[in-house]
Amino acid sequence: MKPLLLSVLLFSLLGRTAEAQALSLSWRFVTGGALLHRPALDHRGTLYVASSDRLLYAIGPAGEERWRFALGSRPSASPVVAYDGTVLAGTSGGRLWAV
């Protein structure tokens, strides 16, 4: 492992330990299924999450549900936010949704 990478890794781990003591939960959002892929975040702070309950959720910066979209089948990858704000979500059923 390169020394710089190891230094950054150690700094990150040590820094997170110290910061974790001062952190508190800001909000919680519960979906109807497991989150198997990473969420996407847009420039306004909206988080997009595809859940195994076959729904795509838009969650505002304060943790409120902005909308949900029925995908029809389980998500096959993380959602992606395009340059124009369109959210793309692929499914195991072979569909690509643009919401």
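Residues numbered from 1 in each chain as written. Predicted model: local features only at pLDDT ≥ 70, side-chain atom pairs only at ≥ 80, totals over all residues. Heavy atoms only, no water.

Visitor: Help me out: how do you make sense of the nonpolar core in this one?
Guide: One recurring pattern in soluble globular proteins is that nonpolar side chains are buried together. Ranked by size, the top nonpolar core spans eight residues in total: Ala-40, Tyr-48, Ala-50, Leu-56, Ala-58, Leu-71, Val-87 and Ala-89. Elements with a contribution of two residues or more to this core: strand S2 (47-50), strand S3 (55-59) and strand S6 (87-90). Other than its neighbours up to four places away in sequence, Ala-58 contacts Thr-46, Leu-47, Tyr-48, Glu-64, Glu-65, Arg-66 and Trp-67. (Core = buried A, V, L, I, M, F, W, Y, C linked by side-chain atoms within 4.5 Å. Buried < 20%, exposed > 50% of the residue type's maximum accessible area, 1.4 Å probe, protein only. Helix = DSSP H or I, 4+ residues; strand = E, 2+ residues; numbered from the N terminus. Contact = heavy atoms within 4.5 Å.)

Visitor: When you look at the side chain of Thr-31 in this model, what are you seeing that I'm missing?
Guide: The topology assignment puts Thr-31 in the loop between helix H1 (3-20) and strand S1 (40-41). Owing to a relative accessible area of 15%, Thr-31 belongs among the buried residues under this scheme. Among the polar contacts listed, one links the side chain of Thr-31 to the backbone oxygen of Gly-33, at a separation of 2.6 Å. There is a polar contact of 3.4 Å between the side chain of Thr-31 and the side chain of Ser-51. Every residue in contact with Thr-31, bar those within four places of it in the chain, is listed here: Ser-51, Asp-53 and Tyr-57. (Polar contact = N/O pair within 3.5 Å; in protein donor to acceptor, adjacent residues only side chain to side chain.)

Visitor: Help me understand the packing of aromatic side chains, please; the structure alone is not making it clear to me.
Guide: When we look at a pair of aromatic rings, we describe it by the centre distance and by the angle of the planes. Within this structure, the stated rule accounts for three aromatic pairs. Between Phe-29 and Tyr-57, the ring centres sit 5.5 Å apart and the planes meet at 75 degrees, which makes this aromatic pair edge-to-face. Residue Phe-29 is found in the loop between H1 and S1, and its partner Tyr-57 is found in strand S3; the two are separated by 28 residues along the sequence. Consider the rings of Tyr-48 and Trp-67, whose centres lie 5.9 Å apart with planes at 40 degrees: the pair is tilted. With Tyr-48 in strand S2 and Trp-67 in strand S4 (residues 65-70), this pair connects stretches of sequence that are 19 residues apart. (Phe/Tyr/Trp six-rings, centres within 6.5 Å; stacked < 30°, edge-to-face > 60°.)

Visitor: Would you mind going over the sheet that holds strand S7 (residues 96-98) with me for this structure?
Guide: Whenever strands of a sheet pair, they do so through backbone hydrogen bonds, lying parallel or antiparallel. The strand order across the open sheet formed by three strands is S5-S6-S7, and the pairing between neighbours is antiparallel. Single-partner strands in this sheet number two, and they are strand S5 (80-81) and S7. In this structure, S5 lies alongside S6, joined through two bridges in antiparallel fashion. Opposite Val-81, over in S6, you have Val-87 as the bridge partner. (Pairing = 2+ DSSP bridges.)

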